[in-house]
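Architecture and fold: a report
In case you want the letters, here they are:
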Amino acid sequence: MSATAEKKTHEFQAEVTQLLKLMVHSLYSNQEIFLRELISNASDACDKLRFQALSDDSLLGDDPDLKIRIDFNKKKLTITDNGIGMNAEQIVEHLGTIAKSGTKEFFHSLTGDQAKDSQMIGQFGVGFYSSFIVADKVTVTSRAAGESADQAVIWESDGQGSYTLEETTKDTRGTEITLHLNKEAAKEFLEEFRIRNIVKTYSDHIGFPIEMKASEGDNKGEWQTVNKVSALWTLQKKDISKEEYKEFYKHIAHDFEDPQDWIHNHVEGKQSYISLFYIPKRAPFDLMERDKRHGIKLYVKRVFIMDDAEHLMPTWLRFVRGLVDSDDLPLNVSREILQGNKLIDTIRAASVKKILGMLERMAKKNPQEYAEFWKNFGHVLKEGPVEDFKNRDQILRLLRFSSTHEDNAVPTVTLDEYVERMQEKQDKIYYIAAENFNAAKNNPALGIFREKGIEVLLMYERVDEWMMSHISEFDGKHFQSATSTELDLGDLAGKEEKQAQEKVEEQHKGLVERMKEVLGDDVNEVKVSSRLTDAPSCIVQGAYDMSMHMQKILKTAGHDMPSGKPTLEINVDHALVKRLNNEKDDDRFADWVRLLFEQAVLAEGGELGDPYAFVERLNKMLSELSNAGESGRIIVE
Ligand code: ADP
Ligand code: MG
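Below you will find a few notes about this structure. Predicted model, so just to flag it, every value in this text is computed and none were measured. (Residues numbered from 1 in each chain as written. Chains lettered and ligands numbered in written order. Predicted model: local features only at pLDDT ≥ 70, side-chain atom pairs only at ≥ 80, totals over all residues. Heavy atoms only, no water.)

**Structural notes on the pattern of salt bridges**
The test is simple: Put simply, a salt bridge is a Lys or Arg side-chain nitrogen that is within 4 Å of an Asp or Glu carboxyl oxygen. When accessible area is computed with a 1.4 Å probe and restricted to protein chains, residues below 20% of their type maximum are described as buried, those above 50% as exposed, and intermediate ones as partly exposed.
If you walk through the whole model with that rule in mind, you get 41 salt bridges. In this structure, the salt-bridge partner of Glu583 is Arg579, at a minimum N-O distance of 3.0 Å. Exposure class is identical for Glu583 and Arg579. Each is buried. One network of salt bridges, in which partners are shared, links Glu243, Lys246, Glu247, Lys250 and Asp258.

In structure tokens, the structure reads:
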């Protein structure tokens, strides 16, 4: 032992202290998971050493058999590994801070409501700090591979805001973690039988032996292997129970919950590899960050090579967790080699197919389960048709939408269903993209569609408009936005209707001109509408323009947006518009026209350039109306 003078106290990073508090409070009903986390770390450490030893076998020295040991001593539980170990600098970095940027964002998303936050904690893997759920003090002694015995370090903490560091000597390579179990509630973890059970439940499939001392019989005191020590994915499907699949998922995905589904394949042929993919039950908090972690681990001939192998899974499937174990890749692959590697590209293409197949089966066999999947990951899957041209149709078939024919905010309509119930003369798939379900459903532009009973898909997720601007057709039918300036109902509108429309447009030329003068640069055009039935006005967009709500989203996200000019359509059958025809007073005319424009912008989810002017104008007009009401005059005919 070194002199106490060398013992230095360090503060935990603020987030760590916060995490520790949250964890101790929220996980007391699930205490045993600490052991899974520590064994998982020990196994990771062995994996890392085995990988590094591929290029430098001196790292293994005279201690080549990687293993994990669990031992008791009075009120102490010790977990030891002879893996990669940590030096002082690494220990500070790994056990004093939270490095993963995603984790930091997790803290920003905490609400302060402990019940809610506790639910979230499970999503993000609790790791080493979960030791403090059961221990009132934790001592970590570690010696990194390749370092000498006197370069070891002791880390110690009671989990209350600081930890100490001290130099020490350690004869063996690796890490020894001692949990001091003085809490009454932690007593159960000093019972050998209980620990063996936890290991069996959570860590049976760990690919290194987990050893415990025999407590009775002839071999009393000897180290015995407790787990199966076979990498689960190498077994045949028939030899793996559902429970084992689930536990393995929790191990690799750091999830608390069972997975929703999985698919496991041994592929033989031109190249051989094993893949095991899982779909989680719940979306992780950083799902929307496209460049964040990819959940696929790469193994080569059973040796762990890397986490987050982004080349193995496209971004639009970033919610998938699992692994690929290749027999053909060289053991010394690097991320650079993976990029553009033919073997990897083949594995990736086949994996995508497998996952799409799994989703198709889920959608068919168990629509309820698929609805759950869709709720969590649908908005990510929608990136697929844009990014994966080859699989576009297959992915499009997996999408689910709300529609004017279902009228509920849970998207269940497939494109196939839509096409199936298209009207006889209909040749387009109509959709509307808006800020939310109600804004889509109640958009005034849907008037004519309702009247004619034409189905319109209601889209209200951020990704929708972007997706729709990249896909033009499905099953030979073009998509068209119900708010497009070039609304084309094709043969759904009769010849007479079209002629009548032209006549009405001709009759209102003067009104349209006068309105255009008032609105000036705020609009691209003013047009007589053929799509409005109940509302007096609406905003429509050219085929390549961005909708107003999309402009708003991008502006909010800090993009400098040139405001695209919308087209205003008016319903000449509406009383308000009829009234305009007869309005002689130019000021009052201007007020009414502005109001028609502004309400259309609001209904479309857009932003008013000058909201205050709008409110002022509205109030002025309302007070005029009420004055008129008192004197018995009727303004709106
Ligand atoms: P995670 O395992 O998700 O990275 P943890 O909180 O479990 O998060 O562990 C944090 C880090 O501490 C690990 O990434 C690893 O670098 C280091 N670590 C933990 N336990 C060990 C160990 N037994 N041997 C070597 N390094 C370890
Ligand atoms: Mg861990």
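Right, picking up where we left off after that structure.
**Description of the packing of aromatic side chains**
We count it as follows: What counts as a ring pair is set by centres within 6.5 Å for rings of Phe, Tyr and Trp (its six-membered ring), and what kind of pair is set by the plane angle: stacked under 30 degrees, edge-to-face over 60, tilted for all other angles. Counting from the N terminus, the helices are the DSSP runs of H or I reaching at least four residues and the strands are the DSSP runs of E reaching at least two. Both a distance and an angle decide whether a charge sits over a ring: NZ of Lys or CZ of Arg must be within 6 Å of the ring centre and within 35 degrees of the ring normal.
In this structure the tally under the stated criterion is 19 aromatic pairs. Centre to centre, the rings of Phe128 and Tyr129 are 5.6 Å apart; their planes meet at 70°, and the pair counts as edge-to-face. The buried category is assigned to Phe128, whose relative accessible area is 7%. Residue classification places Tyr129 among the buried positions, given a relative accessible area of 7%. Relative to Phe373, the ring of Tyr370 lies with its centre 5.3 Å away and its plane at 40°, an arrangement referred to as tilted. In this pair, Tyr370 and Phe373 are both assigned in helix H11 (residues 367-381), three residues apart and thus about one turn of the helix distant. Summarising the burial analysis for this pair, Tyr370 and Phe373 share the class buried. By the ring-pair criterion, three or more aromatic residues cluster together here, those being Phe12, Phe128, Tyr129, Trp155 and Tyr163. For the cation-ring pair, Arg514 lies above Phe589, with the distance from its terminal atom to the ring centre recorded as 3.7 Å.

**As for the pairing of strand E4 (residues 137-143)**
Using the following cut-off: Here a strand pair is declared whenever DSSP counts at least two bridges between the two strands.
In terms of burial, E4 is largely enclosed, as six of its seven residues are buried. Where E4 meets strand E7 (residues 174-180), seven bridges bridge the pair, whose relative direction is antiparallel. Paired with Thr139 across the strands is Thr178, a residue of E7. Pairing geometry for E4 and strand E5 (residues 152-157), over five bridges, is antiparallel. From the neighbouring strand, Thr141 faces E5, where its bridge partner is Ile154.

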